[in-house]
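Listed below, chain by chain, are the residues.
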Amino acid sequence: MLTRRTRVIAAAAIAIAAAGGGRDAAAQLLLVPMDRGQADHLKAYGLAYWVLEQDGRAEWLLNFQGGAFFLPDTEGTRRKAALMGVTIQPVGVADEARIRGIIAQSNMESVVLEKATRIAIYTPPNSAPWDDAVTMALEYAEIPYEKIWDIEV
């Protein structure tokens, strides 16, 4: 039995698909899976961060394919994903509606991300990125950060 929320979401998805949703019939979003289908998980986080810096919008699909991302399907995003070795999957309107239906009916949630946060690491200025796991992961994922240090602390 479908809940009222699920019926409303399904009706909206069908209406969007029928109207084209202001989009072409081709892929409109890129799905960045975060399950075993992802070639490079850390770089995938870096890609999502890069998109936020460029376009200002991404969507995190909590509990769907390991916490996948929806990113806008742009030439720049596809190019950056290829350069980073990140697995992406084009998603058309019908597939997007199907995924949103799964999320609505399951223990999943969609979180809109609109701003790339500033990141700072408390570390001595002369430390190397491999001195700790956090800076090493950020460097590898190509996520920018600042080093902060207070000798008095």
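See the structure above.
Quick caveat, the model's predicted, so the values are computed rather than measured.

Basis of the calculations
- Residues numbered from 1 in each chain as written.
- Predicted model: local features only at pLDDT ≥ 70, side-chain atom pairs only at ≥ 80, totals over all residues.
- Heavy atoms only, no water.
- Helix = DSSP H or I, 4+ residues; strand = E, 2+ residues; numbered from the N terminus.
- Buried < 20%, exposed > 50% of the residue type's maximum accessible area, 1.4 Å probe, protein only.
- Arc of directions from axis to C-beta.
- Contact = heavy atoms within 4.5 Å.

Draft legend 1. Main features of unusual backbone geometry. Unlike most non-glycine residues, Gln65 shows phi in positive territory, near 45°. Mapped onto the fold, Gln65 is located in the loop between strand E2 (58–62) and strand E3 (68–72). Residue classification places Gln65 among the partly exposed residues on the basis of a relative accessible area of 27%. You will see that Glu142, though not glycine, has its phi angle at about 65°, which is positive. As for its placement among the helices and strands, Glu142 is situated in the loop between helix H5 (133–141) and strand E7 (146–148).

Draft legend 2. View of helix H3 (residues 75–84). Of the positions making up H3, those classed as buried are Thr77, Lys80, Ala81 and Met84. One face of H3 carries all of its buried residues, which in axial projection span an arc of 100°. Residues Glu75, Ala82 and Leu83 are exposed on H3 and point more than 90 degrees away from its buried face. Against strand E1 (29–32), helix H2 (41–54), E3 and H5 lie the buried residues of H3. Gly85 sits one or two positions beyond H3 and adopts a positive phi of about 75°.

Spatial relationships are all this shows, so hold off on functional conclusions.
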